[in-house]
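Okay, here's what each chain looks like letter by letter:
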Number of protein chains: 2
Amino acid sequence: MKKIEDCTFGIAGLGLMGGAIAMSLRGKTRRILACDIDAAALETAKKEGVIDEGFLDPRDMLPLCDVVYLCLNPLAMLAFLDAWMPFFGAGSLLTDIAGVKTPIVAAMEERLRPDLDFVPGHPMAGSEKGGFAQAKNCVFTGKNYILTPLKRNKAESVEFIKNVIYRMGFSRITETTAEDHDRKIAFTSQLCHVIAAALIDCEPDRNITHFGGGSFEDLTRIAMLNVPQWTELFLENKRELLRRIAQFEDSLDTLKTFIAEERKDDVRAYLQTARDRRAGMA
Amino acid sequence: MKKIEDCTFGIAGLGLMGGAIAMSLRGKTRRILACDIDAAALETAKKEGVIDEGFLDPRDMLPLCDVVYLCLNPLAMLAFLDAWMPFFGAGSLLTDIAGVKTPIVAAMEERLRPDLDFVPGHPMAGSEKGGFAQAKNCVFTGKNYILTPLKRNKAESVEFIKNVIYRMGFSRITETTAEDHDRKIAFTSQLCHVIAAALIDCEPDRNITHFGGGSFEDLTRIAMLNVPQWTELFLENKRELLRRIAQFEDSLDTLKTFIAEERKDDVRAYLQTARDRRAGMA
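Residues numbered from 1 in each chain as written. Chains lettered and ligands numbered in written order. Predicted model: local features only at pLDDT ≥ 70, side-chain atom pairs only at ≥ 80, totals over all residues.

**A short note on the overall build of chain A**
Then step 1. Helices and strands together make up the secondary structure of chain A, namely 11 helices and nine strands.
Then step 2. Scaling as 2.2 N^0.38, a compact globule of 282 residues should have a C-alpha radius of gyration of about 19 Å, and chain A matches this with 21 Å.
Then step 3. Dimensions of chain A along its principal axes, counting C-alpha atoms only, are 65 × 40 × 30 Å.
Then step 4. Burial statistics for chain A: of 282 residues in total, 54% are counted as buried.
Then step 5. By sequence separation, contacts in chain A at least 24 residues apart represent 70% of the contacts at least 6 residues apart. (Helix = DSSP H or I, 4+ residues; strand = E, 2+ residues; numbered from the N terminus. Rg over C-alpha atoms; globule rule 2.2 N^0.38 Å. Buried ≥ 20, exposed ≤ 12 C-beta atoms within 10 Å, placed from the backbone. Contact = placed C-beta atoms within 7 Å.)

**Description of the relation of the copies chain A and chain B**
Then step 1. Each copy of the sequence occupies a distinct position, and chain A is placed on chain B by a rotation of 180 degrees and an axial shift of 0.0 Å, giving an RMSD of 0.0 Å. Considering both components of the superposition, the chain copies are consistent with a two-fold axis. Of the C-alpha atoms belonging to chain A, the one lying closest to the rotation axis is found on Leu219 of chain A, 2.4 Å away.
Then step 2. Here 100% of the contact residues of chain A are again contact residues in chain B; the copies associate through an equivalent surface. (Least-squares fit on C-alpha atoms with pLDDT ≥ 70 in both.)

**Some thoughts on the sheet that holds strand β8 (residues 144–147) of chain A**
Residues and elements named next belong to chain A.
Then step 1. Pairing within the open sheet is mixed, and its three strands lie in the order β7-β8-β9. Strand pairing shows two members of the sheet lacking a second neighbour, β7 (121–124) and β9 (172–175), which therefore form its edges. On average, adjacent strands in this sheet sit at an angle of 20 degrees to one another, irrespective of strand direction.
Then step 2. Where β7 and β8 come together, four bridges link them in antiparallel fashion. Bridge pairing in β8 places His122 opposite Ile146.
Then step 3. Lying over the sheet, helix α6 (residues 155–168) contacts β7, β8 and β9, oriented at roughly 165 degrees with respect to β8. (Pairing = 2+ DSSP bridges. Axes fitted to C-alpha atoms, helices over the stretch in contact; angles between N-to-C directions.)

**Digging into helix α1 (residues 16–25) of chain A**
Along an α-helix, residues three or four positions apart point the same way, because every turn accommodates 3.6 residues.
All names here are of chain A.
Then step 1. Burial analysis of α1 places 10 of its 10 residues in the buried class, which makes it a mostly covered element.
Then step 2. In the core, the buried residues of α1 are packed alongside β1 (8–12), β2 (31–35), α2 (39–47), β4 (67–70), β7 and α6.
Then step 3. Gly27 sits one or two residues past α1 and shows a positive phi near 80 degrees.

**Comments concerning the interface of chain A and chain B**
Then step 1. Facing 73 residues of chain A, the contacting portion of chain B comprises 73 residues.
Then step 2. Mapped by element, the contributors of at least two residues to the side of chain A that touches chain B are β8, β9, α7 (178–201), α8 (215–220), α9 (227–236), α10 (238–260) and α11 (264–279) of chain A.
Then step 3. The element that contributes the greatest number of residues to the side of chain A that touches chain B is α7 of chain A, accounting for 14 residues.
Then step 4. Taken together, the residues of the side of chain A that touches chain B break down into 40 nonpolar, 17 polar and 16 charged. (Nonpolar A, V, L, I, M, F, W, Y, C, P; charged D, E, K, R; others polar.)

**So, the domain arrangement of chain A**
Residues and elements named next belong to chain A.
Then step 1. Entries for chain A in the domain assignment read domain 1 (4–176) and domain 2 (181–279).
Then step 2. The distance between the C-alpha centroids of domain 1 and domain 2 comes to 31 Å.
Then step 3. Counting residues at the interface gives 15 residues for domain 1 and 15 residues for domain 2.
Then step 4. Considering each element in turn, the side of domain 1 that touches domain 2 owes the most residues, three residues, to helix α5 (residues 102–111).
Then step 5. For the side of domain 1 that touches domain 2, the per-class residue count stands at six nonpolar, seven polar and two charged. (Domains from an automatic or database assignment.)

**Some thoughts on the packing of α7 of chain A against α10 of chain A**
All names here are of chain A.
Then step 1. Running from N to C, α7 and α10 point in directions that differ by 65 degrees, and their axes come no closer than 9 Å. Relative to α10, α7 is oriented so that their crossing is right-handed. Contacts from Asp182, Arg183, Ala186, Phe187, Gln190, Leu191 and Val194 of α7 reach α10 at Glu240, Leu241, Arg244, Ile245 and Phe248.
Then step 2. Along the lines of polarity and charge, the residues of the contact of α7 with α10 split into seven nonpolar, one polar and four charged. (Left-handed = near helix turned anticlockwise from the far one by under 90°.)

**Some details on the packing of helix α4 (residues 74–84) of chain A against α5 of chain A**
Residues and elements named next belong to chain A.
Then step 1. Viewed as axis vectors pointing N to C, α4 and α5 meet at an angle of 5 degrees, and their least axial separation amounts to 10 Å. Of the possible angle classes, the one that applies to α4 and α5 is roughly parallel. Taking contact as the criterion, the partners of Pro74, Leu78, Leu81 and Asp82 in α4 are, on α5, Ile104, Ala107, Met108 and Arg111.
Then step 2. Class assignment of the residues belonging to the contact of α4 with α5 gives a composition of six nonpolar, no polar and two charged. (Parallel < 35°, antiparallel > 145°, perpendicular 65-115°, else oblique.)

**So, the confidence of the model for chain A**
Then step 1. For chain A, the average pLDDT comes to 96, and 100% of its residues sit at 70 or higher.
Then step 2. Predicted complex metrics record ipTM = 0.92 and pTM = 0.92. (pLDDT = per-residue confidence, 0-100.)

**Some points on the sheet that holds β1 of chain A**
The strands that make up a sheet are held in pairs by hydrogen bonds between backbone atoms, and each pair lies either parallel or antiparallel.
Residue and element names in this part refer to chain A.
Then step 1. Spatial strand order, β3-β2-β1-β4-β5-β6: six strands in an open sheet with parallel pairing. Of all the strands in the sheet, the pair left with one neighbour each is β3 (53–55) and β6 (117–119). Taken pair by pair, the neighbouring strands of this sheet meet at an average axis angle of 20 degrees, ignoring direction.

Below is the structure:
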């Protein structure tokens, strides 16, 4: 495998994440190319020096790339592979950013040409504001990245992607299975977005923020989510997410019961455990 | 009523909030006094120039004050009034910071000497880290403050407290009833703390944060709460809080059902409404 600095990278989908990835790879690779259906985003990115060249037709870009970063929503990514699989360069390396892994990775593997290697990944970064124009506000420093390597992956492909991730500024890479990823992400990410949306669903008064002291704002900021993307993520990871919602409902119900029955000692013990546990988290 | 700069302020309870209030009033009043059971906190505050004088015995401080800022947990505040009511200066002005108003304000009124005026308030600021040592990290700039004036309040007392609040750096004062405060705070503050604690209750794995991308961290930071204080707030505002928990459970259940039944259009519409509504909030 070539060194990063000798590779041509292709970004498929130059939105918030694709744009941020391009920016964080700038100057560290031979060339950065991008394809998107949005000609204006490609033009801006080229003008700002974020990419070397933009392409509306993936067939013009894919053959030129050593590495292709798939930065599309899960279902769009599968459609992309269905349409353009013959055009990837021989032996090129693919990676993705999809927030759900088990169903998507299985579908990817079915579509993959035998000469290509695909290392599935999930950068734990983003912003409630989407699109290429917001990419510069999407920071990778100090952030987590999850990799769910496949049995068929070449060791050198996984090592290469890990080097790319650290070079982009991420602080921690966790390698695990697609199943473990989906179980944990259902909790740390999807359940949190469900809760934020449900909190906002409770209250139509937009001036309720006059009574906010920071907690409400922090808990609901992510309600400003990318609607099509999160709809996909919720439905694609439905089983794990529903399990996590049920688990959360049980925990909530326990505390509610303690409050309703004025079991002061139980409320205290519950809060103390939560406080200590959260304080012990990184 | 005297001008702020001619008044002696007394802070009863020099913890996180009492300390932050003293700091933000510094140089704007004639003198700032404080009483606390923690001699070390008083000494530090005096050495750092945050207060002019510290008192372990409230009987030594109260007669000297034009204004007393009660910065104690709700039940401790009532006990404080029971113990020291005779020692407040004639005609002095009281205000508080309690996070629940209806039961506390009623109990305060029962205890109040006729020559004193008491304007109930709630600064919507704080920190998950408590104590005087953390007071400098408790910022008031840009924050909300709720006042729930009493029918018996002199207009000049309310005006005076409002001037004090703006001088401390708060950006918005909302005047409302104790009942309206408790209904809204049950949502924006107490429900959020209940949710944060319940989320942490779900998951014993402290390394779950390796799978965090910011959402989980933002939603659970306030689980590091002051346990005795929040136990009191939950129980003192029990009726409104339980009503808000039930409302949230209904909203959560709706979204859960949409996901379980794979009603994609309903999930999208729910998320779109939440997104638009949250984006429309201040």
